[in-house]
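This is what each chain is made of:
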Amino acid sequence: MAGAGVVLISSVTRQKGRNGCSTYAGLNMASFRGSAELEFGADSAFILHADAKSGVAVLKDEKQRFRIQKDIHLRFDGPRQSFAAGDPLDLYDAADSKGKGK
């Protein structure tokens, strides 16, 4: 409200998978370290999910106090270590434009 913003970076706890091994799959608001305080004090909370091979990432919107939750799709540029606006369809292969397979 006073025109200042704070960005907090938090580590997350890994979840137990089906085989009992630790994994980062299925992270949510409760995965943040000190999640009780974050749930109470934060206006917004996101978890970055990235696919290093494709350069596609999603900032998964876990909490919003003053607006509707909406994920943010990104593209990662490794050589420049930067993100740019992405598209939800980035994870899908385009249809064959030559009509193969018909």
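Residues numbered from 1 in each chain as written. Predicted model: local features only at pLDDT ≥ 70, side-chain atom pairs only at ≥ 80, totals over all residues. Heavy atoms only, no water.

**Q** Honestly, the packing of aromatic side chains in this entry has me stumped. Any pointers?
**A** Aromatic ring pairs are defined here through the distance separating the ring centres and the angle between the ring planes. Under the defined criterion, the tally for this structure stands at one aromatic pair. An angle of 50 degrees between the planes, with centres 4.9 Å apart, marks the rings of phenylalanine 76 and phenylalanine 83 as tilted. Of the residues examined, phenylalanine 76 reaches a relative accessible area of 33% and is grouped as partly exposed. Since its relative accessible area comes to 41%, phenylalanine 83 is described here as partly exposed. (Phe/Tyr/Trp six-rings, centres within 6.5 Å; stacked < 30°, edge-to-face > 60°. Buried < 20%, exposed > 50% of the residue type's maximum accessible area, 1.4 Å probe, protein only.)

**Q** It is not clear to me how the side chain of aspartate 61 should be interpreted in this structure. Could you clarify?
**A** As for its position among the elements, aspartate 61 is in strand β4 (residues 56-64). The contacts of aspartate 61, once residues within four sequence positions are left out, are Ala45, Phe46, Arg67, Ile68, Gln69, Lys70 and Asp71. (Helix = DSSP H or I, 4+ residues; strand = E, 2+ residues; numbered from the N terminus. Contact = heavy atoms within 4.5 Å.)

**Q** Is there a simple way to explain the pattern of salt bridges in this structure?
**A** One pass over the structure, following the stated rule, counts four salt bridges. Put simply, aspartate 71 and lysine 60 hold a salt bridge, and the shortest N to O gap is 3.4 Å. Within this pair, whereas aspartate 71 is found in the loop between β4 and β5 (72-77), its partner lysine 60 is found in strand β4, the two being separated by 11 residues in sequence. Given a relative accessible area of 33%, lysine 60 falls into the partly exposed group. Between aspartate 77 and arginine 80 there is a salt bridge, with its nearest N and O atoms 2.9 Å apart. With a relative accessible area of 24%, aspartate 77 lands in the partly exposed category. (Salt bridge = Lys/Arg side-chain N within 4 Å of Asp/Glu carboxyl O.)

**Q** Would you explain the pairing of strand β3 (residues 44-51) in this entry?
**A** Along any regular strand, the residues point their side chains to alternate faces of the sheet. Strand direction decides the pairing type here: β3 and β4, joined by eight bridges, are antiparallel. Looking across to β4, one finds that phenylalanine 46 is bridged to aspartate 61. The antiparallel hairpin formed by β3 and β4 contains four residues in its connecting segment, where glycine 55 sits at a positive phi of about 80 degrees. (Pairing = 2+ DSSP bridges.)

The values are spatial; any link to function lies outside them.
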